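Spelled out, the chains give:
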Amino acid sequence: MIQNDLHLPSRRKHCDERRRESAPLGLHPVGASLDEVRGLLTVQVRQEQEAQGYGDTELMKLCCVQLFNAGSLEDVLLIWQAKSASMDADCSIDVQLLCGSGLAQTKAYLSCLCLPEADAALQRLAQCEAAGDFEDFSAETYSALHAAYYAP
């Protein structure tokens with residue numbers, strides 16, 4: 001484990017480079033740029049699942065915000081995989097980022113899938129909704145909050 005720690009500066013440099021690659025795509029990428037975001041997020045999820053801290057959770061969150069803004073239901077499970085990759089990722093990636101198409105649409109989509117990860121995401125949404133985490137939620141307002149957060 002100590003050997004891995006010796007490589008942290010180079011891994012951080014690599015993560016910083018990846019973040020810079022995703023940032024020029026903006027918070028609202030389209031078309032092929034969305035495929036780049038999905039690919040980048042998939043790699044980061046895999047690294048974070050390998051060992052907590054191997055993935056860049058800041059970059060993972062940025063990718064999730066970009067996919068949230070695209071509003072495609074097909075990205076919900078990828079965002080869930082990112083959120084559930086580790087405890088750090090779970091804390092970094094808000095559950096609301098699953099709902100770029102809206103809460104009701106996301107819940108309906110997940111309930112139609114016969115997958116354990118869809119059930120887990122649906123359960124988390126239900127828990128968070130019951131706790132008031134989605135009170136007055138709208139994708140537009142949530143997107144605006146992230147635009148302010150990422151503004152230079």
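In what follows, the accompanying structure is described.

This brings us to the packing of aromatic side chains. Throughout the structure, instances matching the rule amount to four aromatic pairs. When the ring of Phe-68 is compared with that of Tyr-142, the centres are 5.6 Å apart and the planes differ by 70°; the resulting orientation is edge-to-face. In this pair, Phe-68 sits in helix α4 (residues 57–70) while Tyr-142 sits in helix α9 (residues 139–150), placing the two residues 74 residues apart along the sequence. Taken as a pair, Phe-68 and Tyr-142 share a single burial class, namely buried.

The next thing to look at is helix α8 (residues 116–130). With 15 residues, α8 extends 21 Å from end C-alpha to end C-alpha; this agrees with the ideal 21 Å at 1.5 Å per step. Taken together, the buried positions of α8 are occupied by Ala-118, Ala-121, Leu-125 and Cys-128. End-on, the buried residues of α8 take up no more than an arc of 95°, which puts them together on one face. The exposed set on the far side of α8, more than 90 degrees from its buried face, consists of Pro-116, Gln-123, Gln-127 and Ala-130. Here the buried face of α8 lies against α5 (76–83) and α7 (103–112). Backbone geometry just after α8 places Gly-132 at a positive phi near 90°.

For the rest of this paragraph, the subject is the pattern of salt bridges. Overall, the coordinates contain five salt bridges when judged by the stated rule. Of the charged contacts in the structure, one is a salt bridge between Lys-83 and Asp-90, with a shortest N-O distance of 3.1 Å. Asp-90 gets classed as partly exposed once you look at its relative accessible area, which sits at 24%. One salt bridge in this structure joins Arg-124 and Asp-90, with 3.0 Å as the shortest N-O distance. Residue Arg-124 is located in helix α8, and its partner Asp-90 is located in helix α6 (residues 87–92); the two are separated by 34 residues in the primary sequence. When salt bridges with common partners are traced through the structure, they connect Asp-35, Arg-38 and Asp-75 into a single cluster.

A separate point is the state of the cysteines. Evaluation of the coordinates by the stated rule reveals zero disulfides. Looking at the unpaired Cys-99, the closest cysteine sulfur is the one in Cys-128, lying at 9.4 Å. Judged by relative accessible area, Cys-99 falls into the buried class, the value being 0%. Free cysteine Cys-112: the closest other cysteine sulfur is in Cys-114, separated by 8.6 Å.

Relative to the elements of secondary structure, Glu-117 occurs in helix α8. Relative accessible area serves as the criterion here: at 30%, Glu-117 is assigned to the partly exposed category. Separated by 40 residues in sequence, Glu-117 and Leu-77 have C-alpha atoms that sit 7.4 Å apart. Excluding its chain neighbours within four sequence positions, the residues that come into contact with Glu-117 are Leu-77 and Trp-80.

Conventions used here
- Residues numbered from 1 in each chain as written.
- Predicted model: local features only at pLDDT ≥ 70, side-chain atom pairs only at ≥ 80, totals over all residues.
- Heavy atoms only, no water.
- Phe/Tyr/Trp six-rings, centres within 6.5 Å; stacked < 30°, edge-to-face > 60°.
- Helix = DSSP H or I, 4+ residues; strand = E, 2+ residues; numbered from the N terminus.
- Buried < 20%, exposed > 50% of the residue type's maximum accessible area, 1.4 Å probe, protein only.
- Expected span 1.5 Å × (residues − 1).
- Arc of directions from axis to C-beta.
- Contact = heavy atoms within 4.5 Å.
- Salt bridge = Lys/Arg side-chain N within 4 Å of Asp/Glu carboxyl O.
- Disulfide = S-S within 2.5 Å.

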